[in-house]
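Listed below, chain by chain, are the residues.
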Amino acid sequence: MQSKGAIRFFAIVLAIVCVYQLSFTLVTSLVENKAHEATKGDPQAYTAYIDSISNQGVFNLLVKDYTYRECKERELNLGLDLKGGMNVTLEVSVVDLIKSMANNSTDPTFNKAIEAAVQKQKDSQKDFVTLFGEAFTEADPNAKLAAIFSTMDLQGRISFNSTNEQVLAVIRQEANDAISRSFNILRTRIDKFGVTQPNIQQLGSGRILVELPGVKEPERVRKLLQGTARLEFWETWNNNEAFNYLSNVNDLLKATDKKDSLMASVSDSTVKDTLALAAATPETAAPDTSKPSLIDEIAKDTSKAASDSASQSFEQFAKNNPLFAILTPAIFQNQQGQSEYRQGPVVGYALIKDTSKVNAFLHRADVLAVLPKNIKFLWGVKPPSPESKALELLAIKTNGRDNVPPLDGAAISDARQDFGQFNGKPEISMRMNSEGAQSWRRLTAENIGKSIAIVLDDNVYSYPTVQGEIAGGNSSITGNFEINEAKDLANILKAGKLPAPARIVEEAVVGPSLGKEAINAGLISFVIALILVLLFMVFYYSSAGWVADLAMFVNIFFIFGVLASLGAVLTLPGIAGLVLTIGMSVDANILIYERIREELRNGKGLKLAVADGYKMAFSSIIDSNITTLLLGIILYVFGSGPIQGFATMLIIGILTSLFCAIFISRLIFEWRLAKNKVIRFSTPATEHAYSNIAFDWVGNRKKFYIISGLIIAIGIGSMFTRGFNTGVDFKGGRSYVVRFEQPVLTTDIRAQLSGPLQSAPEVKTFGSSNQVKITTTYLIDDNTEDADGKVEQALISGLKIKPDQIMSSQKVGPTLADDIKTSAGWAVFFALVVVFFYILVRFRRWTFGLGAIVALAHDALMILAAFSLFWGILPFSLEVDQAFIAAILTVMGYSVNDTVVVFDRVREFLTIHHKGQQSKIINDALNATLGRTINTSLTIFFVLLAIFIFGGEVIRGFSFALLLGIVVGTYSSLCIATPIVVDFRKKNQSEMK
């Protein structure tokens, strides 16, 4: 083998990278185990403990000391189905956006076009703006969009002379900007929500995916994600004005909280962080000289901490100053050692983890009673510097009556990132509408020298100081901005311009207990499958089987390392993909071993047989794995959520399996051969297996056609009569998995819910007899924020259950369901096209491509027939959903893998024995590859059987489709694909009859 050194070097580097990436997962696991032990299972104490150490170094490498938070960001992510949480797909309402841009025009052509575009969207993959343009032209070919959209807000961009195409271009740009603004707003809201390892990404078509692991309050999340963004402009108090009020609050808390203080017990980490914050800020004394200096008290406590314990010293200070123990005042010492207020509205700083405690203090009824009615306190959206652990607290001035801001986001007509005319620094240019310009002029005139706070969703994004009255509605916001920060703030300012509400179109909620069960089920199926494969390889291939097993372990290590490196998420379908990869990873080894056994039977020595075996098997391995890889990529592109997790695992597994089978196992063989070690590729029981088979595959092809044709015909008849048990993915609706304490009857559940849900839902036993899956379309077209809560409440009251008995839930809107069906159809179509053209290029005969396509269609129809015939009969779910499409594509991947191996051997035999009778040559080729075909199929079958039995109810239908597909795929490779090639060959057809 050439380039041994390069292969060894690459393997070592890859192993080091994998160890490095997986080490973060190990470290976080150790830290969290320690946290569980320290807090003795108390969830609140555990959260507080983790918060307190989040910015502490827990993992020291030569190059850097990583904090817990940094390690957590780099660990191997578990999907929601393994750890519980919420997965939401939101769709930005471009319909509302367009209506708003047109100032809610009553023009009949406009409104007719909107309604027509909404209907078109259900059956089209085009974006809504394009559909609206088409519908508008169809409604009135002579109508001009400019007459509707030439509003004051769009002045300068759309005029009365603008063409329809120009107007649509502006609308499309605004739609894209609105989606980006919604994405930024949602990302900020999620960051403030405090979820560990959240994931938010744009999916295209105006959709945004949000994954929130560990969330236990789905109703709160729905309101958080779907609530309209509130952009407000507020006047502010100066720090020197507001401080005395905070001092009064501190005195009140000191007097009333002697017995029950929130600071009664302070952890060492809190002491350390708070003292560090006080030193860094550096906040010092209160302005009232009649009171003791705060900095003097802190300094006294710090010096005492040197002789006493820091906890005791700080705890004493906290008892005397409950508020200022966690909120460091915005006061500093100047160069002369005198105390001064910080200029502006910032009144203090608090560690991020302490902001909830400050809020609890400031919202107490007795505290609100001593504060003026026209003051409220809001936090800055992020720390003032990347190194800081604290947020700024700002004093906002309200009117004290209805607390309506003097200016809100409706006044903004445009905002963009720009550069200062004189200093060239990033700034934000802002333009108001006419009404907003008047309010802005009055507001700035009254606050010269003071700050105006720009607030979004009660978080202060900026508080620029007014230099002078601003007339005309055009102004610039300057500050110490980075370019990206200025762009983000411009987007935030524009967020109030045109409302584009984000609506939940797909949702999945998995309870933590169900997540733990999924982990256990996945691990059990993984271990059992691994043991089965290990034993089979050793039983059949003797010492060479041990080499394949070692390569498999290396492969698994590489897979997890690559997953962690890419930041990919491990889901339950991902575990299924991993287990399937284990089965497929031995395929390359089996191909190689079977060729080596052939060479040994032909009388070659061990070294030459090994070298020739690898060389002869290389073409088949590459061809079969590339076709499967291409199908995995298609599955990733067209799938979503868990299906992408499955595809990711499949793609990574194929690549690492190739490397381990071709190079790692070869290096082991080379090393053993160099030491003259004996390597056996069979046991006495398997030495002559499949060696004397002479089955007439070509001659019996018509029988195979008849058998397959009858089964497919029956299946098609069932598809037209019985149809399929389609999941909510394809028909829209909500589904809930509910667990009861005792076994229940589905008929009773259906009757109980007929009233609350206004019609009888679909109810099926899901796994054990005390667990059911309920599917309903109740309120599925209701886009209000509380619709999901209403359905859940109807379910709870109808069944008289507790909320925690709902183990998981899923929601798919009708529009998204149509898109999922369309995407599934395109995925299957592209899979067939890609396979055909790849085989056409590799084998240079269209008959091979045709044979592969017919075999793939045969396999898909067989599985569809089974799912149509047996749903409601077999004691497990046979839903046709996204997971089923993933199963179909996976079966196609395996089938084409097997077919390509068979074709490769047929091509080889036809090339070597081109003068013989071709029907006999092809039969010999099929019989020669039979050992590899059956052994690989058996290995994967055992693996899938383990998934089917132990993998859990969630993926039982999925694994059943794969099980059936392996059997059908093996059959079609031998009995359908090659006979098709035979029947369509033009030469020597008479010899093949």
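Since the model is a prediction, treat every value here as computed from it, not as a measurement.

Definitions and limits used
- Residues numbered from 1 in each chain as written.
- Predicted model: local features only at pLDDT ≥ 70, side-chain atom pairs only at ≥ 80, totals over all residues.
- Heavy atoms only, no water.
- Axes fitted to C-alpha atoms, helices over the stretch in contact; angles between N-to-C directions.
- Helix = DSSP H or I, 4+ residues; strand = E, 2+ residues; numbered from the N terminus.
- Parallel < 35°, antiparallel > 145°, perpendicular 65-115°, else oblique.
- Contact = heavy atoms within 4.5 Å.
- Nonpolar A, V, L, I, M, F, W, Y, C, P; charged D, E, K, R; others polar.
- Pairing = 2+ DSSP bridges.
- Salt bridge = Lys/Arg side-chain N within 4 Å of Asp/Glu carboxyl O.
- Buried < 20%, exposed > 50% of the residue type's maximum accessible area, 1.4 Å probe, protein only.

(A) Structural detail: the packing of helix α5 (residues 94-101) against helix α6 (residues 108-121). In the contact formed by α5 and α6, the axes pass within 11 Å of each other and the chain directions differ by 170 degrees. One way to sum up the angle between α5 and α6 is to call them roughly antiparallel. On the side of α5, the interface is formed by Val 95, Ile 98 and Lys 99, while α6 contributes Phe 110, Ile 114 and Val 118. Along the lines of polarity and charge, the residues of the contact of α5 with α6 split into five nonpolar, no polar and one charged.

(B) Broad picture of the sheet that holds strand β16 (residues 426-432). Spatially, the three strands line up as an open sheet ordered β15-β16-β19, and their pairing is antiparallel. Looking at which strands have only one partner, the edges of the open sheet turn out to be β15 (412-419) and β19 (474-477). Sheet twist, expressed as the mean angle between neighbouring strand axes with direction ignored, is 25 degrees. Running over the sheet, helix α17 (residues 434-445) touches β16 and β19 and is turned about 115 degrees from β16.

(C) Molecular detail of the pattern of salt bridges. Counted by the stated rule, this structure contains 16 salt bridges. Here Asp 354 ties to Lys 357 by a salt bridge, and the two come within 3.6 Å at their closest N and O atoms. Judged by relative accessible area, Asp 354 falls into the buried class, the value being 1%. Note that Arg 666 is salt-bridged to Glu 670, the shortest N-O span being 3.1 Å. With Arg 666 and Glu 670 both in helix α22 (residues 642-674) and four residues apart, the pair spans about one turn of that helix. Look at Glu 670 and you get partly exposed, because its relative accessible area is 22%. Because the salt bridges share partners, they merge into one network encompassing Glu 599, Lys 604, Asp 612 and Lys 615.

(D) Summary view of the pairing of strand β13 (residues 390-397). Along β13, seven of the eight residues are buried, which leaves the element largely enclosed by surrounding structure. Across two bridges, strand β7 (residues 231-236) lies against β13 in antiparallel orientation. Of the residues in β13, the one forming a bridge with Glu 235 is Lys 397. Pairing of strand β11 (residues 346-351) with β13 involves five bridges; the strand directions are antiparallel. Within β13, the residue paired with Tyr 349 across the bridge is Glu 392.

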